[in-house]
Amino acid sequence: MTYLQAISEGLRSEMRDDERVLLMGEDIGVFGGAFKVTDGFIGEFGSDRVMDTPLAESGIVGTAVGAAIVGMRPVCEMQFADFVACGFDQIINVAGKMFYRQGLPVNITVRLPSGGGFSGGPFHSQSPEAWFMHSPGIKVVAPSTAEDAKGLMIASIRDPNPVVYMEHKNLYRRVKGDVPEGSYETPFSARVAREGSELVVITYGAMVNTALEATEDLDTHSGTGGASIMVLDLRTLTPLDEPAILSAVRACSKVVIVDEANQTCAAGAQVAALIAEHAFEDLDGPVVRVASPDVPVPYSPPLEQAVLPSVDRVREACRQLLEY
Amino acid sequence: MPQMGVSVVEGTIIAWRKQLGDWVESDETIAEVSTDKIDTEIPSPAAGRLVEILVDVGVTVDVGVTLARIATDARPGEPHDAEREPYDDQREPPAASPPQSPSAPSAPPADETARRGSSRRYSPVVQRIAAEHDVELDAIEGTGREGRVRKQDVIAYVEARAAAEPAADEAGEPALHTESPYRPDPPGGGDGPYKPPEGRPLSRMRQMIGEHMQRSLRTAATCTTWIEVDVSRIELARKEKGITALPLIARCVIGALVEFPQLNAWLEDDIHTVHEQVNLGIAVALDDDDGLIVPVVRGAQDLSAEGLSRRIRDVARRARARELTADDVHGATFTLTNPGQFGSIMATPVISQPQVAILDVEAITKRPVVVTDAFGQDAIAIRPMVILGLSWDHRALDGALAARFLANIKRRVESYES
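Residues numbered from 1 in each chain as written. Chains lettered and ligands numbered in written order. Predicted model: local features only at pLDDT ≥ 70, side-chain atom pairs only at ≥ 80, totals over all residues.

1. Details of the overall build of chain B
Going by this rule: Secondary structure elements follow DSSP: runs of H or I no shorter than four residues count as helices, runs of E no shorter than two count as strands, and numbering proceeds from the N terminus. Residue burial is a threshold on neighbouring C-beta atoms within 10 Å of the residue's own C-beta, all placed from the backbone, with 20 or more meaning buried, 12 or fewer meaning exposed, and counts in between meaning partly exposed. By definition, residue pairs are in contact when their C-beta atoms, positioned from the backbone, come within 7 Å.
A tally of helices and strands in chain B yields 8 helices and 18 strands. The buried share among the 418 residues of chain B stands at 28%. Look at the contacts in chain B between residues 6 or more apart in sequence, and 61% of them connect residues 24 or more apart.

Spelled out as structure tokens, the structure:
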């Protein structure tokens, strides 16, 4: 099953099990969504539960917040993660603070098809997860495998908090994997994608696959042979799985953190700060970050490849640190 | 005899490292000395030739007494009086020799290497592993960039050393079942008059401790006050940080000392000195019950719990390795003692003069206690509890202040947040 089918599967499973779950978004009904995540849903669940909305993200999220307060469990699709900026106020100031101000849980899930790598240009390629990490009251998840895509979708819908669900467009049809039958929740915690002892690459989303490829049979320049490299898939950015991060650092003592997002204040910056504060005595080298430079994602394919963290860049960063 | 600490009044020469006529560099060890605080080395105050030894080995003298004389106008390599050949008389008298640079013309190359070696920098994890396993990092060949010592280098070194050690143990271990464990009772048990074994004089350290403790009890009007404290939060923080409870409790005590500086004080005769800086003495039992030493963590008010943990570990290790310097044991303004590791729950500690109080931290034990929930409902809960015992000097303060100080510590411990 592909990553995209796993997301559909998670949505469908929750809609069948729980009639409070409903979907809202632009062209998600008759057209089945820009990426066909909700293809066929309107036929099974009807237009009351699979709602085509106007092109107004603020309205989509705002309506969902109201529905959640009266007991529904809405799932909003932003056609592209980039467009969530128009719904930002409703997520940050209304959904994120409702429970704090009035004690009302806002059980909404906002799906953000994010990330680049396919020449989508600056409006269709962003990774805006850190915007939401910075604001309290919102959970942020970012699956990298088909199995986690389904499990985190179900867990997000059931979680009483607003959850921003980052689904990476470049994984939609490229990543395939076995997905368990039936309904299951993936916990909001990190996952060791590969065990290792000499260095850990900490990342999430599409970069998990980049990291796994970059560190497969990694030879150092000095030719000491295949290094033992752990890859930690964060899966959830808020709450950040601090014990998992610290125990990985304790085991490996050398850390490379990879973000597809722009470097400044990215999720990895928070991970690096956490390590500096709580794992100082376990470090055997500087904490190294690989991320996109602070520029928009270019449309031109060679320029885009130069901006996004590549397998080669991650591999070279690991080599340099291993030899330190 | 140099002043080694405020309360040190005398010292005993254990050994002379330099003999009459030897050349001695400035700060080079000239003699070893034992005081009631520590055994330590005396660095030479100047470069020159040792021309007179005034105090022999085994003799105890007061602080300030001259131990030896060094001729500072002598030069290295110059034969000294005892070696001087008769025709040396023809040489110019020393006073007429041209003034020379007092420093040696060139440092020996071995020294140079040592200095370069010790300027190598190590990562935090390498330093921590080295400290935990007592590894001299300069001895390790690094395989990192430009010879940097990496984590795997120090681990390989520790493992290689460990692999070498048990081999020796195995050889020394007796084979199993070659000898009956039965031993006949010693003859004469119970019958006839009791013949006690031969007594031996107390060690120097025991005598010193005894003298100090007796003097304290004679000097201070010692009272002891106890308080019972719930350490649930300390236990949580301890697990989270992977350190012992002592530095966390010490952190709370230091906070209370800053708020109640009257407890962070000295009383010498009728002179009362209240300190702003907290120099925390930590009582460390030496191995084999061979006495006790109280190294000092200076400026403790500025240290985090983790920082305290590190410093306590460091001074305790050096105390047990007998590597403390005079500075390490001098200037404490308040003392913590922590014998609870063996399960005891209460004590009446003796104040270390001239301080005015000492806090005893005993064993943390789980006990049923009455707790009140947010709705004012009482319930019995199992909580980790500890008894803190404060011995204080009634000359310097009264019981109400001691109790308020303890209550302040209790509040800090019970609301501890890391």
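2. Quick notes on the sheet that holds strand E3 (residues 73-77) of chain A
Residue and element names in this part refer to chain A. Keep this limit in mind: Pairing between strands requires that DSSP locate at least two bridges from one strand to the other. Where helices are involved, their axes are fitted lines through C-alpha atoms of the stretch in contact, as for all axes, and angles between N-to-C directions lie from 0 to 180°.
Read across the sheet, 7 strands follow the order E2-E1-E3-E4-E6-E5-E10 without closing on themselves; strand pairing throughout is mixed. Looking along the sheet, the strands with just one partner apiece sit at the ends: strand E2 (50-52) and strand E10 (236-238). Sheet twist, expressed as the mean angle between neighbouring strand axes with direction ignored, is 20 degrees. Note: strand E4 (residues 109-114) against strand E6 (residues 163-168), 6 bridges, orientation parallel. Bridging from a neighbouring strand, Ser 114 pairs with His 168 of E6.

3. Observations regarding the packing of helix H6 (residues 245-259) of chain B against helix H8 (residues 399-414) of chain B
The packing of two helices is summarised by the inter-axis angle and the distance between the axes. Residue and element names in this part refer to chain B. Threshold: Any angle between 65 and 115 degrees counts as roughly perpendicular, while under 35 counts as roughly parallel, over 145 as roughly antiparallel, and the rest as oblique. Should the near helix be turned counterclockwise from the far one by less than a right angle, the crossing is left-handed, whereas a clockwise turn marks it as right-handed. Gly falls in the polar group here, along with every residue not listed as nonpolar (Ala, Val, Leu, Ile, Met, Phe, Trp, Tyr, Cys, Pro) or charged (Asp, Glu, Lys, Arg).
In the contact formed by H6 and H8, the axes pass within 9 Å of each other and the chain directions differ by 135 degrees. One element, H6, and the other, H8, form an angle in the oblique class. H8 is crossed by H6, and the crossing has right-handed handedness. Contacts between H6 and H8 involve Ile 249, Cys 252, Val 253, Gly 255, Ala 256 and Glu 259 on the former and, on the latter, Phe 405, Asn 408, Ile 409, Arg 412 and Val 413. Of the residues assigned to the contact of H6 with H8, the class counts are 7 nonpolar, 2 polar and 2 charged.

4. Digging into helix H6 (residues 146-158) of chain A
Residue and element names in this part refer to chain A. Applicable threshold: The span you would expect from a helix comes to 1.5 Å times its residue count less one.
With 13 residues, H6 should reach 18 Å at 1.5 Å per residue; the first-to-last C-alpha distance of 19 Å fits that figure. Counting buried positions over the 13 residues of H6 gives 11, a clear majority of the element. All buried positions along H6 are accounted for by Ala 146, Asp 148, Ala 149, Lys 150, Gly 151, Leu 152, Met 153, Ile 154, Ala 155, Ser 156 and Ile 157.

5. Focus: the nonpolar core
Proteins that are soluble and globular tend to have nonpolar side chains buried together. The condition that has to hold: By definition, a nonpolar core groups buried Ala, Val, Leu, Ile, Met, Phe, Trp, Tyr and Cys residues that connect through C-beta atoms lying within 7 Å of each other.
Ranked by internal contacts, the top residues of the largest apolar core, which has 103 residues, are Val 200, Val 201, Ile 202, Val 256 and Cys 318 of chain A. Ranked by the residues each element gives to this core, the list is headed by H6 of chain A, at 7 residues. Aside from chain neighbours lying at most four places away, what touches Val 256 of chain A is Leu 199, Val 201, Val 288, Val 290, Ala 317, Cys 318 and Leu 321 of chain A. Core analysis: the second largest hydrophobic core is formed by 58 residues, Leu 324, Val 350, Trp 392 and Val 413 of chain B among them.

6. Comments concerning the interface of chain A and chain B
On the side of chain B, 10 residues touch chain A, which itself brings 9 residues to the contact. Its residues assigned to classes, the side of chain A that touches chain B comprises 3 nonpolar, 2 polar and 4 charged.

7. With respect to the sheet that holds strand E9 (residues 229-233) of chain A
All names here are of chain A. A sheet is described by the order of its strands in space; here 5 strands give the open sequence E7-E9-E8-E11-E12, paired in mixed fashion. The outermost strands of the open sheet, each flanked by one partner alone, are strand E7 (191-194) and strand E12 (288-292). In this sheet, neighbouring strand axes are inclined to one another by 25 degrees on average, regardless of whether the strands run parallel or antiparallel. Examined bridge by bridge, strand E11 (residues 255-262) and E12 share 4 bridges and lie parallel to one another. Within E12, the position partnered with Ile 257 by the bridge is Arg 289. Where helix H9 (residues 267-278) meets the sheet, its contacts fall on strand E8 (199-203), E11 and E12, and the angle it forms with E11 comes to roughly 155 degrees.

8. Description of the environment of Asn 262 of chain A
Residue and element names in this part refer to chain A. Among the secondary structure elements, Asn 262 is positioned in strand E11. Measuring from C-alpha to C-alpha, the distance between Asn 262 and Val 290 comes to 9.8 Å, with 28 residues separating the pair along the chain. Once you skip the residues sitting within four places of it in the chain, Asn 262 turns out to touch Ala 291, Ser 292 and Asp 294.

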